[in-house]
Amino acid sequence: SDDVILFNAIVQDLFPGVEIPAHDVGDLKVAIEDTLAEGGLQIVDAFTTKIVQLFETFSIRFGVMTVGPTGGGKSTVVHTLANALTLLRERNFANPDVQKTHIFTLNPKSISMGELYGNFNLLTNEWTDGLGSTIIRNANNDTTNDRKYIIFDGPVDAIWIENMNTVLDDNRTLCLPNGERIKLNGTTMRMLFEVEDLRVASPATVSRCGMVWVPPDALGLAPYVQTWLNRALPEGFTDESKDALFSLFEQTVPAAIQFVRRNCREPIPTVDINLVTGFCRMLQSLLRKERGVDIQDENFNDLLKKLFLWSLIWSVGANLHQTSREKFSDYVRDELGSVLGRLPNSGLVYDYYVSVEENAFKSWNEIVPEFKFNSSVSFFEMLVPTMDTVRYSYCQELLLDVDAGMLLVGDSGTGKSVIVSDCLNRLEGPKNLVPFIMAFSAQTSSNATQEMVDLRLEKKRKGVFGAPSGKKMVCFVDDVNMPQREVYGAQPPVELLRQVVDHVVHYRPNGGFYDRKKFFWKNIIDTTFVAACGPPGGGRNPVTARFFRHFNMLNICPSSDDVLKVIFSSMLGGFVEDFPADIKGNVQSCVKASLEVYRRMESEMLPTPSKSHYTFNLRDLSKVFQGILSVKAAVIPDLSTFVKLWCHENMRVFMDRLINSEDKEWFTHLLHELLKRHFSIDWDHDATFSDSKPIIFGDFMKPGLDPEDRVYEYVDDPGKLPRLFETYLDDYNVSTPKTMNLVFFMDAVQHISRLTRIMRQPRGNALLVGLGGSGKQSLTRMASFISDFKCSQIELKRGYGLNEFREDIKELFLLAGVERKPTVFLFTDSQIVSESFLEDVNSILNSGDVPNLFAQDEKDRIVNDLRDLADKAGRPTSRDGVYQFFVDGVRDNLHVVLAMSPVGDAFRTRCRMFPSLINCCTIDWYLEWPKEALVAVASRFLDPVEVLDDDFKKPIAEMCVTIHQSVGALSDRFFNELRRKFYTTPKSYLDLIGLYIDVLAEKKGDLAASKDRFVNGLQKMAETNSVIDTLQAELTELQPVLKEKSEATQVLLAQVTKDEEAANKVREVVSNETALVEKQTEEVLAIQADAQKDLDEALPALDAAVSALNSLTKGDITEVKSFAKPPPLVQTTMEAVCTLLGEKTDWDAAKKVLGDSNFMQRLLTFDKDNIPQKLLKSLKKYIDMPDFTADSVGKVSKAAKGMCMWCVAMDVYARVAKEVEPKRARLKEANDTLAEAQAKLKEKQDQLSEVEEKVAALQAQLKKAQDDQQSLKDQSELCEGRLQRAGVLTGALGDEAVIWQETSNLLDGQLQRLIGDAFLACSCVSYFGAFTGAYREEIVSSWIESCKELNIPVSDDFTLQGVLANPVEVRDWNIAGLPTDSVSIDNGVLVMRGKRWPLMIDPQMQANRWIRNSEEKRGL
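Note that the structure is a prediction, hence the values are computed from the model and not measured. (Residues numbered from 1 in each chain as written. Predicted model: local features only at pLDDT ≥ 70, side-chain atom pairs only at ≥ 80, totals over all residues. Heavy atoms only, no water.)

(A) Seen up close, the overall build of the protein. Broken down by element type, the protein carries 51 helices and 27 strands. Its C-alpha radius of gyration of 57 Å places the protein more than 25% over the 35 Å reference for a compact globule of 1420 residues. Taking the principal axes of the C-alpha coordinates as reference, the protein spans close to 180 × 115 × 85 Å. Per-residue burial over the protein gives 50% buried out of 1420 residues. Taking as baseline every contact in the protein between residues at least 6 positions apart, the subset at least 24 positions apart corresponds to 75%. As displayed, the protein has an accessible area near 67200 Å², and 50% of this comes from carbon and sulfur atoms. The average position of the 161 basic charges and that of the 201 acidic charges among the side chains of the protein differ by 4 Å. (Helix = DSSP H or I, 4+ residues; strand = E, 2+ residues; numbered from the N terminus. Rg over C-alpha atoms; globule rule 2.2 N^0.38 Å. Buried < 20%, exposed > 50% of the residue type's maximum accessible area, 1.4 Å probe, protein only. Contact = heavy atoms within 4.5 Å. Areas by Shrake-Rupley, 256 points an atom, 1.4 Å probe, with all protein chains shown as cover. Lys, Arg positive; Asp, Glu negative; His and termini not counted. Charge placed at Lys NZ, Arg CZ, Asp CG, Glu CD.)

(B) Structural context of the packing of helix α20 (residues 561-575) against helix α23 (residues 618-628). Interaxial distance between α20 and α23 falls to 11 Å at its minimum, and their mutual angle equals 10°. Taken together, the axes of α20 and α23 are roughly parallel relative to one another. Our pair here, α20 against α23, has a crossing hand that is right-handed. Across the interface between the two elements, Leu564, Phe568, Leu572 and Phe575 from α20 touch Leu618, Leu621, Ser622, Phe625 and Ile628 from α23. Here the contact of α20 with α23 is composed, by residue class, of eight nonpolar, one polar and no charged. (Axes fitted to C-alpha atoms, helices over the stretch in contact; angles between N-to-C directions. Parallel < 35°, antiparallel > 145°, perpendicular 65-115°, else oblique. Left-handed = near helix turned anticlockwise from the far one by under 90°. Nonpolar A, V, L, I, M, F, W, Y, C, P; charged D, E, K, R; others polar.)

(C) Inspection of the pairing of strand β16 (residues 472-478) at higher detail. Across the seven residues that make up β16, a large majority, six, are buried. In this structure, strand β13 (residues 433-439) lies alongside β16, joined through seven bridges in parallel fashion. Across the sheet, residue Pro435 finds its bridge partner in β16, namely Val474. Across six bridges, the pairing between β16 and strand β19 (residues 527-533) is parallel. Across the sheet, the residue bridging to Val477 is Ala531, located in β19. (Pairing = 2+ DSSP bridges.)

(D) A look at the sheet that holds strand β12 (residues 405-409). A sheet is described by the order of its strands in space; here five strands give the open sequence β13-β16-β19-β12-β20, paired in parallel fashion. Where the open sheet ends on each side, the last strands, each with one partner, are β13 and β20 (551-555). If you compare each strand with its neighbour and ignore which way they point, the axes differ by 20° on average. Against the sheet, helix α17 (residues 446-456) touches β13 and β16, its axis set at about 165° to β13.

(E) Molecular detail of helix α16 (residues 416-427). For α16, built from 12 residues, the straight-helix expectation of 16 Å at 1.5 Å per residue is met to within 8% by its first-to-last C-alpha distance of 17 Å. For α16, the full list of buried residues reads Lys416, Ile419, Val420, Cys423, Leu424 and Leu427. Buried residues of α16 fall within an arc of 120° about the axis and therefore sit on the same side. Its buried side turned inward, α16 meets α15 (387-401), β12, β13, β16 and β19. (Expected span 1.5 Å × (residues − 1). Arc of directions from axis to C-beta.)

(F) Just the environment of Glu1338, in detail. Along the chain, Glu1338 falls in helix α47 (residues 1333-1349). Overall, the relative accessible area of 43% leaves Glu1338 in the partly exposed class. Each C-alpha atom, one on Glu1338 and one on Leu970, is 9.7 Å from the other, the two residues being 368 residues apart in sequence. A polar atom in the side chain of Glu1338 sits 2.5 Å from the side chain of Arg973. (Polar contact = N/O pair within 3.5 Å; in protein donor to acceptor, adjacent residues only side chain to side chain.)

(G) Fine view of the packing of aromatic side chains. By the definition in use, this model includes 53 aromatic pairs. Through pairs of rings, three or more aromatic residues link up here, namely Trp310, Trp314, Tyr350, Tyr353, Trp364, Tyr392 and Tyr394. Its end group placed over the ring of Phe62, Arg172 keeps NZ or CZ at 5.8 Å from the ring centre. A cation over an aromatic ring shows up here: Arg979 above the ring of Phe975, its NZ or CZ 4.1 Å from the ring centre. (Phe/Tyr/Trp six-rings, centres within 6.5 Å; stacked < 30°, edge-to-face > 60°. Lys NZ or Arg CZ within 6 Å of the ring centre and 35° of its normal.)

(H) Representation of the sheet that holds strand β15 (residues 464-466) within the structure. Ordered by their spatial adjacency, four strands build an open sheet running β14-β15-β18-β17, and the pairing between neighbours is mixed. Edge strands, defined here as strands with exactly one partner in the open sheet, are β14 (458-461) and β17 (511-514). Within the sheet, the average angular offset between the axes of one strand and its neighbour, ignoring direction, is 35°. Bridge count between β14 and β15: three bridges; the pairing is antiparallel. Bridging across to β15, Glu458 finds its partner in Gly466.

(I) Expanded view of the side chain of Thr922. By the element assignment, Thr922 lies in strand β27 (residues 922-925). Contacts of Thr922, omitting those with residues within four sequence positions, involve Lys623, Arg652, Arg757, Ile758, Asn765, Ala766 and Leu767.

(J) Summary view of unusual backbone geometry. Here Asn125, not a glycine, exhibits a phi torsion of approximately 60°, which is positive. Structurally, Asn125 can be placed in the loop between β3 (119-120) and β4 (127-128). Its identity as a non-glycine residue notwithstanding, Asn1351 has a phi of 60°, on the positive side. Inspection of the secondary structure puts Asn1351 in the loop between α47 and α48 (1360-1364).

(K) Structural context of a negative patch on the surface. A cluster of like negative charges, contributed by Glu662, Glu665, Asp682, Asp684 and Asp686, occupies part of the molecular surface. Summarising the element assignment, Glu662 is placed in helix α25 (residues 661-678). Residue classification places Glu662 among the exposed residues on the basis of a relative accessible area of 57%. (Patch = residues over 30% accessible without salt bridge, like charges linked within 9 Å, V, L, I, M, F, W, Y side chains within 5 Å. Salt bridge = Lys/Arg side-chain N within 4 Å of Asp/Glu carboxyl O.)

(L) Local environment of the pairing of strand β1 (residues 63-67). Counting buried residues in β1 gives five out of five residues, a clear majority hidden from the surface. The sheet contact formed by β1 and strand β9 (residues 210-213) spans four bridges and is parallel. If you follow Val67 over to β9, its bridge partner there is Trp213.

(M) Region of interest: the environment of Val890. Tracing the backbone shows Val890 in helix α33 (residues 879-893). The sequence separation of Val890 and Ser324 amounts to 566 residues, and the corresponding C-alpha distance is 42 Å.

(N) Region of the structure containing the packing of helix α37 (residues 950-978) against α47. The contact between α37 and α47 brings their axes to 11 Å, and the two run at 155°. It follows from the interaxial angle that α37 and α47 lie roughly antiparallel. Like other packed secondary-structure pairs, α37 and α47 cross with a definite hand, here right-handed. Seen from α37, the contacting residues are Met959, Thr962, Ile963, Ser966, Val967, Leu970, Arg973, Phe974, Glu977 and Leu978; seen from α47, they are Tyr1335, Glu1338, Ile1339, Trp1343, Ser1346 and Cys1347. Residue composition of the contact of α37 with α47, grouped by class: 10 nonpolar, three polar and three charged.

(O) Highlighting the pattern of salt bridges. What the rule picks out here adds up to 61 salt bridges. For Lys148, the salt bridge identified is with Asp142, shortest N-O distance 3.7 Å. Look at the salt bridges and you will find they share partners, linking Asp153, Glu194, Glu495, Arg498, Asp502, Arg546 and Arg549 into a network.

(P) Molecular detail of the state of the cysteines. Under the defined criterion, the tally for this structure stands at zero disulfides. This cysteine, Cys280, is not joined by any disulfide, and Cys395 carries the nearest cysteine sulfur, 16 Å off. Here Cys533 is not disulfide-linked; the sulfur of Cys557 is the nearest cysteine sulfur, at 14 Å. (Disulfide = S-S within 2.5 Å.)

(Q) Inspection of the environment of Gln251 at higher detail. Mapped onto the elements of the fold, Gln251 is located in helix α11 (residues 239-263). Residue classification places Gln251 among the partly exposed residues on the basis of a relative accessible area of 45%. Put simply, Gln251 and Val339 are 88 residues apart on the chain and 8.2 Å apart in space, counted from C-alpha to C-alpha.

(R) Highlighting α23. Of all 11 residues in α23, 10 are buried, a share of seventy percent or more. Along α23, the residues classified as buried are Leu618, Asp620, Leu621, Ser622, Lys623, Val624, Phe625, Gln626, Gly627 and Ile628. On its buried side, α23 packs onto α20, α22 (587-604), α24 (639-653), α28 (746-760), α35 (916-919) and β27. Backbone nitrogen of Arg619 and a side-chain oxygen of the N-cap are separated by 2.8 Å at the start of α23; the cap is Asn617.

Here it is as structure tokens:
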């Protein structure tokens, strides 16, 4: 307004005396006023003027911006203008520029750039259209004269608005990434940008747009209240009552707001209209009949003032700091009491509520429910009612009754989430609510937020979504200000929620958002949003007031010490009912001491860049009592043990996160001081908080028990724990293929006990912070095994991303939530491929769930699997109830252990971006290993090393510690002098030991082998001289023997020659006779074959006849014999048989023959070779009969057939035998001749064999003699050759023996000094790489002196390259480009011999060239 006055004065100065005529917009103004009246809005001249200004700006500009703080009516200006123009068109207004007007609204920051304008899929190269481009294209394609306003209702920044520059200039063309150009209609379309400010808008954009400034003071507060009075008050409210209420408002509310603005401080700033709308909602809810308010009651006006005052306190004064609340309380009593009535003088005005029944202010304490301790209730389900919980829940219930949202603001740990969750759970049944919790973090995206909301909504009808029928959904958004701001300050998830809750009641009664695929608007009904957040700072970001103005903002002040004492005294007092009396008598002392510990830590241990996690809240204090409440009375026999338990729990919660010994010592002195002051116990500080005998409680003292049977008890003798853990470790190594080799020094024992304590607690999660190699992962696995929990880790592989991570999370959720198995999820910072991983981990820590983790069918399967179990547990069996039972199971059974390194900014940044890492985890900071631990670890690994003498194992272990600690000291000086930070980690220490063991064995083997070569050479030379003398003597002895053997061989050779000639003569005779016998044999074989051929003709018939006879039975013979008159063929057959047998041929004779018992034998043994010729002639007549055949006779009688065949066979055989007989005679004669010849031949052959055997014996004797002679000759020649070569060798190496002896002595010295030289070389490789040359020389010199002090043999001129490099290798490095100075060569050794990947600080690219040249042959 001041600028307007100044502008008008400038115009008057430029045009003096000129009156600016008023623009006649009578019809438009009338239409605007009619539209406002129709909508129940107030007609304000200044507001009407803004609407007219917008119309006029649209007349000359294609793009217009309405700019102004929230609450000024920007949205109403636009919608009122559109409706007024539509109304004029319906009234047939003559101006063609006035047409029916349509509005298309979207928030460009609620979606990504690709979703706004469209984008290409990089994998498929497929184009996907965007929401903004689709809306603009559809509006542009409308060929009617209707006007289309495209409203971009969101922050304008240089990211998305640059694409609109071509739209806003004279081209009016929208250019899309796919090359499409959309030419917009300059007559029917307009672009409107509704923004709060133009802080980040580019000048190019601002210069292209018309501007309409819509300030809130132009509208004021009264119009909203007047409209609210007409709309929202219950029936029966008279106009007089409304006027009186408005009068009260004008007298009190603006003045109260002004007081707040001038004298009070808000954690999150509000705007005036926000306070007024909050006030109206509160009063509207209080005036509902359900609250017992009777408008007709005679005392109603008095009650109305009280309700008015209470609403003012809890709206205008709700979002104030504690100190400001005290000021505001005084203001209300002093300034408003006379108008609205007096409140009680005690306390603050916030300590009272209005009792409608009594029409009076009553203290909240009067309606605080009594707390009763129930040991069966989980610690996290315990809620001790206090004044704070009652009044904040009351406010929330009031607002939910009128579908209004509430924003709880407060520091972490003040109970925001607990208050909201408890209230929603309590109202779920009576109010038919469906609670839904979302937790934001720095990585929460707009897309994920929409998916979370979308998943909970049900479709009601086309384009309308909401809660299930008959219910109302309440969405609680925790940490709503956590999403990270973009470059220009926007927060897409918040902008999306603003689009849901931001609606103009008259024009758009429902909020919502666009479907991201089909681009249709989704109206969301029956849904209320409740939010919570901390004040901006420490990872929490400022949020646009355009979003927060829709909530009643309520600051949750930290609970006073009195309230905290009530809470924890109630819990602890109920818990120790069964404990000894002296413990019950110290409940208040315990609570006061715990509270003082918390307050001192909060006020004195402040966060710094290196101590960013030094943030304490009431969650930490509650963890102390959670630990105390986890013991059983049986293990706490007296006050002394109870006090130790109290110290232990405070140390675990507060001291374990401290990063140095100074802070820890400060904390133990604090505990010691409180022990004396509150418990009257004066223990010795050093004895109580000793490192060698720390206070430890645990449930692991009795191995083998199930988790539910374990007892959390005091460990009397911590010295026994290393041996106990060794037993656990042996069992672990037996049960898993990946074995561990751990050293349980006291530091490690304490870390394990801390982890087991965290794991045994429901919802116990740990954040382990320490340098790499501190043992975080190993000790976590060990603690998991001791607790009998399964320890799971993700396995990174190529392409591992968010989808794979979530699949792994699903498995963990099913294991913990469905199978109810205690599980540890070990997650390290090296596994954080994407920060979205931590987004999910943050959600798990905060709520036990990951939004949209399970698909709908997977959720249904989970619900079905758990419904019976939920029913047994007494939980609701509805779908949401069972799924919440699943989530609770995940929170209780899945223990997240995060292992992170504090090096760099990553840890600090993640703690800021994901507050649950600190708030929901117990922190255990891993300090540097103490000297005792370093010695123990070194001794453990060096003891089994055989190549190291036992006398040197202890000095080497001590030297390991010296090396490690000296590097730490030098690192600090290095940082102070050169500002370069170098960290010495336990991993470096372990690498040193492991590398030393390997190098010592390798070098000892190499040097021993080299020494053996020289020693063996000297031995061989001595042996050679000895052998020469022996060979000379042997050669002298061999000469006579060789001559004697030669003469004997010549005599034997002559005898063999003579005997061979005699044998050749006998061999010739035998050869001739053998040829003759072979010829006779051939002739005999020919005769035999001819005879056999003839026999082969007769023998088959004979065999057939014999077979036929054998087949005859006694019955067959009897059958033939029984014939009185035989058939002719039978008669003929028997006659032939009788003929051959020499019997009569009549039938009687035949029957007699047949009756002979030897008849068959006679036939079978018949002399077939000597059948008389006469019988054969008599038989011939039967044989020649045509029907005398086996077949013909067989038809008459089987027996006759066989005898017929016999007769025929006898005839055939006799005929053949007649022909064969002469041949047989010849064969016999030939065989006799052959036998005689063979006998003679055998005699000759025997003579030949005898001669040949004699010759062979002589030849063998000759051969042996010749071999003996040759052997002696070869032996003689060998001796001569050896003598010659030995002479050459001894002559050539005679001088080398001296050199070999010296070299052997030198190697022997190197072997003795190898113990120290190899150790120093490994120390250099493990530690000094980050230091410059001067620092290296200095520290190596100190190491050499330390070695000498410990009597470790070491070379005075020790160099790293002298131990671990050889000249040939170094020459190759130099050729490849490595500089020749000693530092560079040492660097080359570090690169080649180190066990870890080398990180080379290479400003001059020398190492780059060297590596590339060296590896060129491998294709680098």
